[in-house]
Amino acid sequence: MEENCIFCKIARGDISSATLYEDEDFRVILDLGPASKGHALILPKKHAANLFELPDETAQKALVLAKRIGGTLKEGLHADGLNLVQNNGAAAGQTVDHFHIHLIPRYQGDTVNVKWQPGELGEEDKEEILKLFR
Ligand code: AMP
Ligand code: ZN
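All of the points below concern the structure found in this document. On a predicted model such as this, the values are computed, not experimentally measured, just so you know. (Residues numbered from 1 in each chain as written. Chains lettered and ligands numbered in written order. Predicted model: local features only at pLDDT ≥ 70, side-chain atom pairs only at ≥ 80, totals over all residues. Heavy atoms only, no water.)

Another point: the pattern of salt bridges. Proximity of charged atoms lets side chains of opposite charge pair with each other. This structure, assessed with the given rule, holds 8 salt bridges. With its nearest N and O atoms 2.5 Å apart, the salt bridge here joins arginine 12 to aspartate 14. The class of arginine 12 is partly exposed, set by a relative accessible area of 48%. Relative accessible area serves as the criterion here: at 48%, aspartate 14 is assigned to the partly exposed category. A salt bridge links arginine 134 to glutamate 127; the nearest nitrogen and oxygen atoms lie 3.4 Å apart. Through salt bridges with shared partners, a single network forms among Glu22, Arg27 and Lys45. (Salt bridge = Lys/Arg side-chain N within 4 Å of Asp/Glu carboxyl O. Buried < 20%, exposed > 50% of the residue type's maximum accessible area, 1.4 Å probe, protein only.)

Have a look at this one:
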């Protein structure tokens, strides 16, 4: 538990939230500023600032949970698709420094924006990146 972390307080139930699911490791809540109908957040109860601080076991469970809750949202709300979004660092759009996965149901023709302008994979970049994994 981090002193001033809003998601710690929500995950522990100190601050009330529209909770869709809860177990000993997670709370899943509706986002207060939804990108679309059904936009939900998976919050681990134990504080981790981001993906890189999250224990592997929790990371594994989180994706299984995303599949389950995302499936119920998609089916129940008759959505046409679903985005998982998970931001790490301010540069990546993270505004709350407590790991969370966004579940964003998508509807044909909606105006949700999870897109980028495709660039081009240059030879230099490609070599530099491949080298990291050799
Ligand atoms: P991110 O930009 O990935 O850090 O996402 C933070 C998300 O948390 C945003 O979609 C906010 O709308 C949402 N949010 C912030 N405070 C609350 C809150 N008290 N209850 C529910 N959702 C929240
Ligand atoms: Zn926290």
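Turning next to the site of ligand 1. Around ligand 1 lies a shell of 15 residues, among which Asp31, Gly93, Thr95, His100 and His102 are the nearest. At 3.0 Å, a backbone N or O of valine 96 approaches an oxygen atom of ligand 1. About the coverage of ligand 1: the protein hides 78% of its 500 Å² of free accessible area. Where the shell around ligand 1 is concerned, the elements lending two or more residues are α1 (6–12) and β2 (26–30). Per-class residue counts for the shell around ligand 1 are 7 nonpolar, 7 polar and 1 charged. (Near = heavy atom within 4 Å. Polar contact = N/O pair within 3.5 Å; in protein donor to acceptor, adjacent residues only side chain to side chain. Areas by Shrake-Rupley, 256 points an atom, 1.4 Å probe, with all protein chains shown as cover. Helix = DSSP H or I, 4+ residues; strand = E, 2+ residues; numbered from the N terminus. Nonpolar A, V, L, I, M, F, W, Y, C, P; charged D, E, K, R; others polar.)

With that settled, the discussion passes to the coordination of the zinc ion (ligand 2). Taken together, the protein ligands of the zinc ion (ligand 2) are Cys5 (SG), Cys8 (SG), His47 (ND1) and His98 (ND1), with distances of 2.0 to 2.3 Å. Its 4 donor atoms give the zinc ion (ligand 2) angles of 103 to 115 degrees at the centre, a pattern that matches the tetrahedral case. Spacing between the donor residues of the zinc ion (ligand 2) along their common chain follows C-x2-C-x38-H-x50-H. In this pair, cysteine 5 is assigned in the segment before α1 and histidine 98 in the loop between β4 (81–85) and β5 (101–106), connecting sequence segments 93 residues apart. (Donors = N, O, S within 2.8 Å, 3.2 Å for Na, K, Ca; no water. Tetrahedral: all angles 85-135°; square planar, octahedral: opposite > 155°, others 65-115°.)

On their own, these measurements won't tell you what the molecule is for.
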